[in-house]
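Working through the structure, step by step
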Amino acid sequence: MILNVKNLNLHHKDGKEIKPILHDISFNVKKNSCLGILGESGSGKSMTCKSLMGLLDKKSFNIGGEVYFKDEDILRLDENEGRRLRGKAICMILQNPMTAFNPLYTIENQVIETFLEHLDITKIKAKELAVIALEKMNLKNPTEILNKYPHELSGGMLQRIMIGITIALEPELIIADEPTTAIDCLNQIEVIKEFKELRKKLKTSMIFITHDLGVLAQIADEVVVMDKGRIIEEGTINKIINEPKHEHTKYLINTRLKLIKKFQEVVS
Ligand SMILES: Nc1ncnc2c1ncn2[C@@H]1O[C@H](COP(=O)(O)OP(=O)(O)OP(=O)(O)O)[C@@H](O)[C@H]1O
């Protein structure tokens with residue numbers, strides 16, 4: 001097992017008001033497997049991952065519970081240890097790629113800085129790796145793209161660059177928060193293919209967050225379903241799709257099937 005989340009609770013502090021956001025979230029991620037987190041908007045998927053990545057400001061949020069990455073409780077690491085672990089061993093791909101890049105620097109600058117911080121390589125090698133990472137993500141003219149500033153590229157392109165960088169870092173655990181949302185359909189297939197390849201090649205473990213069961217069907221081994229800050233059902237992807245128990249899971253599956261049917265009607 002690579003990640004063991006035990007009774008994760010999260011509260012938001014707003015003046016005197018304390019609002020519960022997550023209730024007793026527990027799950028495991030097995031080594032070399034992909035856990036999907038499925039739920040509608042606002043169900044608590046992102047907050048679950050932000051809590052375990054240490055991305056929430058302690059002044060506004062109370063986090064309770066334990067999160068073991070291998071044998072270490074990562075909720076109790078000091079800031080430096082946390083940064084070491086979260087940059088290299090655990091990487092998160094955020095939903096909004098714009099927030100991942102600094103608008104003041106070129107892409108090349110930022111990619112190379114990331115590579116030099118986490119990999120033991122020279123600047124020349126880092127640049128070569130950057131070009132390869134972008135090519136892998138199906139981005140044409142990588143050298144040209146590397147010279148651009150974030151605002152000169154589309155959200156989808158930035159997202160693919162971010163996925164390329166993460167893959168090049170070869171982390172032990174990737175947390176991907178709706179990584180294909182900003183990408184058009186054709187490239188989504190490419191990106192999912194790249195994630196699958198990565199799992200095969202590097203045995204990377206993964207948490208894949210999405211509201212789209214179709215995406216999970218392609219990549220996840222096991223799934224937890226969230227609703228209103230709670231896990232309401234969990235099981236293998238086949239079990240969740242074919243024998244859902246909870247009414248809300250059934251609703252999520254039916255909505256998805258209806259969408260597929262509607263799409264087929266429109267294109268036929
Ligand atoms: N910065 C914040 N401060 C306070 N509450 C927040 C904050 N961000 C999210 N929440 C609340 O936490 C709950 C869970 O939100 P979360 O973003 O985890 O949902 P989600 O399932 O990831 O949805 P989406 O798919 O839209 O990102 C929601 O009730 C939301 O209002």
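Throughout what follows, the structure given in this document is the object of discussion. (Residues numbered from 1 in each chain as written. Predicted model: local features only at pLDDT ≥ 70, side-chain atom pairs only at ≥ 80, totals over all residues.)

1. Some points on the environment of Leu-3
As for its position among the elements, Leu-3 is in strand β1 (residues 3–14). Given 22 C-beta atoms within 10 Å, Leu-3 falls into the buried group. In this structure the C-alpha to C-alpha distance between Leu-3 and Lys-31, which are 28 residues apart in sequence, comes to 8.2 Å. In contact with Leu-3, not counting residues within four places along its chain, are Asn-28, Val-29, Tyr-68, Phe-69 and Leu-173. (Helix = DSSP H or I, 4+ residues; strand = E, 2+ residues; numbered from the N terminus. Buried ≥ 20, exposed ≤ 12 C-beta atoms within 10 Å, placed from the backbone. Contact = placed C-beta atoms within 7 Å.)

2. Points about the pairing of strand β7 (residues 173–177)
Counting buried residues in β7 gives five out of five residues, a clear majority hidden from the surface. The two faces of β7 match: Leu-173, Ile-175 and Asp-177 on one face and Ile-174 and Ala-176 on the other face are all buried. Here strand β6 (residues 90–93) pairs with β7 via four bridges, running parallel. Within β7, the position partnered with Met-92 by the bridge is Ile-175. (Pairing = 2+ DSSP bridges.)

3. Here we look at the nonpolar core
Counting 64 residues, the largest nonpolar core has Ile-93, Ile-161, Ile-207, Phe-208, Leu-216, Val-223 and Val-225 as the members making the most contacts within it. In terms of residue count, the dominant contributor to this core is helix α6 (residues 155–169) (eight residues). Filtering out sequence-adjacent residues up to four positions away, Val-225 remains in contact with Leu-38, Gly-39, Ile-231, Ile-232, Glu-233, Glu-234, Ile-240, His-246, Thr-249 and Leu-252. (Core = buried A, V, L, I, M, F, W, Y, C linked by C-beta atoms within 7 Å.)

4. Let's talk about the pairing of strand β3 (residues 34–38)
The buried fraction of β3 amounts to five of the five residues, a majority that puts the element mostly inside the structure. Here β3 pairs with strand β8 (residues 205–210) via five bridges, running parallel. Bridge pairing links Leu-35 to Ile-207 in β8. As paired strands, β3 and strand β9 (residues 222–227) are joined by four bridges and run parallel to one another. Its bridge partner being in β9, Leu-35 is matched across the sheet by Glu-222.

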